[in-house]
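Below, each chain spelled out in residue letters.
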Amino acid sequence: MFDRFLNRKAEEDKIRQEGRLPPGQALTQKFPVLHYGQVPTFNAATWDFRIWGEVEEEITWNWAEFERLPRAKIQMDIHCVTRWSKFDTLWEGVSVKTLVEEGLIKLKPAAKFVIQHAEYGYTANLPLEIVLQDTFLLATHFDGEPLSPDHGYPLRGVIGHIPGRADLQTPYFWKGAKWLRGLEFRTQDQLGFWERAGYHNDADVWREERFR
Ligand SMILES: Nc1nc2c(c(=O)[nH]1)N[C@H]1C(S)=C(S)[C@@H](COP(=O)(O)O)O[C@H]1N2
Ligand SMILES: [Mo]
């Protein structure tokens with residue numbers, strides 16, 4: 001596509017005109033890596049994914065079982081609180097909304113918040129309604145390839161924005177946990193790793209809710 005040959009500034013101007021550049025953000029054509037701590041290794045024989053809390057049945061899926069779950073693809077814009085935004089990113093993985101709709105996760109009515117639990121005890125919290133949006137995915141693939149270790153292989157949460165979907169909420173990208181190992185459904189919210197460090201709990205990119 002011709003767009004690929006535009007320089008960064010020209011592409012940013014075009015995105016801004018389309019109303020897709022949130023306040024205080026800049027377009028990047030790279031994919032920066034940001035996280036606290038080490039990159040964990042993956043062992044398919046010992047990896048599992050747990051679902052617990054406000055659910056009728058707790059679940060533990062091993063990697064082979066996780067790979068057989070229904071798959072979804074989604075293209076969206078992602079916005080990092082460190083001020084880079086990346087547009088039209090393509091993700092593939094498992095939609096929590098689909099798992100709930102197909103009865104693979106049976107939520108109790110009291111479930112209102114979701115904690116993503118990742119390797120080394122990293123957590124990220126979101127309201128259930130955002131986790132059930134089309135813009136939240138348990139992603140195994142980016143741009144048609146398995147995630148790289150730096151970006152969360154084999155599984156990460158991702159949250160972004162679909163252009164034109166002003167009805168959906170868009171938190172900053174840190175609300176997606178890399179190296180994800182489970183989801184906890186809760187009646188009450190609980191601050192995640194960056195939220196405890198002073199980042200905004202709601203983290204709406206259009207309202208520039210960066211810090212609390
Ligand atoms: N497990 C884990 N996930 C994490 C983080 C982290 O420190 N640990 N950092 C978050 C932050 S602050 C950002 S901006 C995004 C960055 O994702 P990327 O490295 O794929 O760009 O991952 C998020 N997920
Ligand atoms: Mo971040």
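Presented here is an overview of the structure given in this document.

1. Considering the overall build of the protein chain
Logical step 1: Counting secondary structure elements, the protein chain contains 5 helices and 11 strands.
Logical step 2: Over its C-alpha trace the protein chain gives a radius of gyration of 17 Å, about what one expects of a compact globule, namely 17 Å for 212 residues.
Logical step 3: Its C-alpha atoms put the protein chain at 50 × 35 × 35 Å along the principal axes.
Logical step 4: Taken across its 212 residues, the protein chain has 48% of its residues classed as buried.

2. Topic: the site of ligand 1
Logical step 1: Near ligand 1 lie 19 residues; those nearest to it are Pro32, Tyr36, His151, Arg156 and Lys178.
Logical step 2: Lys178 has a polar side-chain atom sitting 2.5 Å from an oxygen atom of ligand 1.
Logical step 3: Take Trp194: an N or O atom from its side chain is 3.4 Å from a nitrogen atom of ligand 1.
Logical step 4: In isolation ligand 1 exposes 530 Å². Once the protein is present, 97% of that is buried.
Logical step 5: Here the shell around ligand 1 is built from residues that sort into 14 nonpolar, 3 polar and 2 charged.

3. Concerning the side chain of His151
Logical step 1: Among the structural elements, His151 can be located in the loop between strand S9 (145-146) and strand S10 (156-159).
Logical step 2: Beyond its immediate stretch of four places on either side in the chain, His151 contacts Phe31, Pro32, Val33, Arg156 and Lys178.

4. Brief notes about helix H1 (residues 8-17)
Residues lying three or four places apart along an α-helix face the same way, a consequence of the helix completing one turn every 3.6 residues.
Logical step 1: Of the positions making up H1, those classed as buried are Glu11, Glu12 and Ile15. Down the axis of H1, the buried side of the element spans an arc of 100°, and every buried residue falls inside it.
Logical step 2: Residues of H1 that are buried make contact with strand S1 (26-27) and strand S5 (84-94).
Logical step 3: Positive backbone phi, at 75°, marks Gly19, one or two positions downstream of H1.

5. Brief notes about the pairing of strand S2 (residues 48-53)
Logical step 1: Relative to strand S3 (residues 59-62), S2 runs antiparallel, the two being bridged by 4 bridges. Bridge assignment links Arg50 to a residue of S3, and that residue is Thr60.
Logical step 2: Counted between consecutive antiparallel strands, the loop separating S2 from S3 contains 5 residues.
Logical step 3: Sheet analysis places S2 next to strand S11 (residues 180-186), joined by 4 bridges and oriented parallel. Its bridge partner being in S11, Arg50 is matched across the sheet by Gly182.

6. Here we look at the nonpolar core
Logical step 1: Core analysis: the largest hydrophobic core is formed by 36 residues, its most contacted members being Phe49, Trp61, Phe66, Ile105, Leu138 and Phe185.
Logical step 2: When residues no more than four places from it in sequence are discounted, the contact partners of Trp61 are Trp47, Asp48, Phe49, Ile51, Phe66, Leu69, Leu99, Leu104 and Ile105.
Logical step 3: Judged by nonpolar contacts, the second largest core, of 13 residues, contains Met76, Phe142, Val158 and Phe173.

7. Considerations on the pattern of salt bridges
Logical step 1: Considering all chains together, one arrives at 21 salt bridges under this definition.
Logical step 2: Via salt bridges that share partners, Arg8, Lys9, Glu12, Asp13 and Arg16 belong to a single interconnected network.

8. Points about the environment of Val100
Logical step 1: Positionally, Val100 belongs in helix H3 (residues 96-101).
Logical step 2: A relative accessible area of 25% places Val100 in the partly exposed class.
Logical step 3: As for Val100 and Leu132, which are separated by 32 residues in sequence, their C-alpha atoms are 8.5 Å apart.

9. Observations regarding the packing of aromatic side chains
Logical step 1: Per the counting criterion, the structure on display carries 22 aromatic pairs.
Logical step 2: Measuring from centroid to centroid gives 4.9 Å for Trp91 and Phe142, while their planes differ by 55°, and the two rings are tilted. Within this pair, whereas Trp91 is found in strand S5, its partner Phe142 is found in strand S8 (residues 136-142), the two being separated by 51 residues in sequence. For the residue pair Trp91 and Phe142, the accessibility class agrees, reading buried in each case.
Logical step 3: A centroid spacing of 6.2 Å and a plane angle of 45° characterise the contact between Trp91 and Phe173, whose relative ring orientation is tilted. In this pair, Trp91 is assigned in strand S5 and Phe173 in the loop between S10 and S11, connecting sequence segments 82 residues apart. By the burial criterion, Trp91 is buried, and Phe173 matches it.
Logical step 4: One aromatic cluster is present, built from ring pairs that chain together Tyr36, Tyr122, Tyr172, Trp174, Phe193, Trp194, Tyr199 and Phe211.
Logical step 5: For Arg50, the ring lying beneath its charged end belongs to Trp52, and the centroid distance is 4.2 Å.

Procedures and definitions
Residue numbering note: each chain is counted from 1, following its sequence as written. Ligands are numbered from 1 and chains lettered from A, in the order in which they are written. Where local features are concerned, this predicted model is filtered to residues with pLDDT of at least 70; where side-chain atom pairs are given and counted, the filter is 80 or more; whole-chain, interface and lining totals use all residues. For the side-chain quantities, the full set of heavy atoms in the structure was used; hydrogens and water were omitted. Per the convention used, a helix needs a DSSP run of H or I reaching at least four residues, while a strand needs a run of E reaching at least two, with both numbered from the N terminus. With C-alpha atoms as the basis for the radius of gyration, the globule rule is written as 2.2 Å multiplied by the number of residues raised to the power 0.38. Relative accessible area decides the class of each residue, using a 1.4 Å probe on protein chains only: under 20% of the type maximum gives buried, over 50% gives exposed, and in between gives partly exposed. If even one non-hydrogen atom of a residue comes within 4 Å of a molecule or strand, that residue is called near it. For the purposes of these results, a polar contact is taken to be a pair of N or O atoms within 3.5 Å, where, inside protein, one atom must be able to donate a hydrogen and its partner to accept one; residues adjacent in sequence count only when each atom of the pair is a side-chain atom. The Shrake-Rupley method, run with a 1.4 Å probe, gives the accessible areas here. Residue values count only the displayed protein chains as cover. Only Asp, Glu, Lys and Arg are considered charged, only Ala, Val, Leu, Ile, Met, Phe, Trp, Tyr, Cys and Pro nonpolar, and every remaining residue, Gly among them, polar. Here, residues are in contact when the closest pair of their heavy atoms is within 4.5 Å. It is the directions from the helix axis to the C-beta atoms that the arc portrays. What makes two strands pair is DSSP finding at least two bridges between them. What is meant by a nonpolar core is a set of buried Ala, Val, Leu, Ile, Met, Phe, Trp, Tyr and Cys residues, joined one to another through side-chain atoms within 4.5 Å. For this analysis, a salt bridge means a side-chain nitrogen from Lys or Arg found within 4 Å of a carboxyl oxygen belonging to Asp or Glu. Between rings of Phe, Tyr and Trp, where Trp is taken as its six-membered ring, a pair exists when centres lie within 6.5 Å; planes separated by under 30 degrees are stacked, by over 60 edge-to-face, and by other angles tilted. Criterion for a charge above a ring: Arg CZ or Lys NZ at most 6 Å from the ring centre, at most 35 degrees from the ring normal.

Function cannot be inferred from these measures alone, as they are strictly geometric.
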